[in-house]
Amino acid sequence: RIVTRFATLSSSSSSSSSTPEPPIVVMTEIRTFETSITCSDGVRLAMKCWRNFDDGVPSRRKILCLHGWLDNAASFDRLAPLLLRSLSRGSDDDDDDDHDADDATEIIALDFPGHGLSGHKSPDGPPQLLAEYAYYVVEFFDAVGWGSPFEESTTS
């Protein structure tokens, strides 16, 4: 998927043509991929990821998307690229070339157990409780290295 950002530059040459110059288009690739983790109870959690940066660049923003009941991570297929584009617009006025590091954003949509591409709990085990999803979110934070969701952010 491609995000298009527009920046217009004024022409220094005086041209007699009345046709306005088209805007310069800067293309930023959005990397989309799917992966999964295995939780401590053996349930596999699937997730969809969207990034606007290359591997090895630390993400400045981390956004976790959680779906509702009878839904899945694919609910964010249209929203995530739009959100990445929206968050990147703030740097269009910057003159420096290292705006990618400032805009590095990672969005992950998690599939809860029994939804989307995630595994199911054992049918002979205890029933699935909605409150258990909080434990799966904490396991997600641990598995992807985002730190604890309960720690206060120190980024400025």
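See the structure printed just above.
Please read these numbers as outputs of a predicted model, since none were measured by experiment.

### Re the environment of leucine 117
Inference 1: Of note, leucine 117 is situated in the loop between strand E6 (105-110) and helix H3 (133-144).
Inference 2: With 43 residues separating them along the chain, leucine 117 and alanine 74 place their C-alpha atoms 9.7 Å apart.
Inference 3: In contact with leucine 117, other than residues within four places in its own chain, are Glu34, Arg44, Ala46 and Asp111.

### Section: helix H1 (residues 79-88)
Inference 1: For H1, the complete set of buried residues consists of Ala80, Pro81, Leu84 and Ser88. Along the axis of H1, the buried positions cluster into a sector of 100 degrees, meaning they face one direction only.

### Topic: the nonpolar core
Inference 1: Among the nonpolar cores identified, the biggest contains 15 residues, and Leu45, Met47, Ile108, Leu110, Tyr136 and Phe140 are the most heavily contacted of them.
Inference 2: Contributing elements (two or more residues each) for this core: strand E4 (44-51), E6 and H3.
Inference 3: Per element, the largest residue contribution to this core is five residues, and it comes from H3.
Inference 4: Residue contacts for tyrosine 136: discarding those within four places in its chain leaves Cys39, Asp41, Val43, Leu45, Pro113, Lys121 and Gln128.
Inference 5: With nine residues, the next largest nonpolar core counts Trp50, Cys65, Phe76 and Leu84 among its residues.

### Brief notes about H3
In an α-helix there are 3.6 residues to a turn, and that puts residues three or four apart on one side.
Inference 1: End to end, H3 covers 17 Å across 12 residues, agreeing with the expected 16 Å (1.5 Å per residue, within 8%).
Inference 2: Turning to H3, its buried residues are Tyr133, Tyr136, Val137, Phe140 and Phe141. Looking straight down H3, one finds its buried side chains confined to an arc of 145 degrees; they lie on one side. Residues Tyr135 and Asp142 are exposed on H3 and point more than 90 degrees away from its buried face.
Inference 3: At the exit of H3 stands glycine 145, carrying a positive phi of roughly 75 degrees.

About the criteria used
Residues numbered from 1 in each chain as written. Predicted model: local features only at pLDDT ≥ 70, side-chain atom pairs only at ≥ 80, totals over all residues. Heavy atoms only, no water. Helix = DSSP H or I, 4+ residues; strand = E, 2+ residues; numbered from the N terminus. Contact = heavy atoms within 4.5 Å. Buried < 20%, exposed > 50% of the residue type's maximum accessible area, 1.4 Å probe, protein only. Arc of directions from axis to C-beta. Core = buried A, V, L, I, M, F, W, Y, C linked by side-chain atoms within 4.5 Å. Expected span 1.5 Å × (residues − 1).

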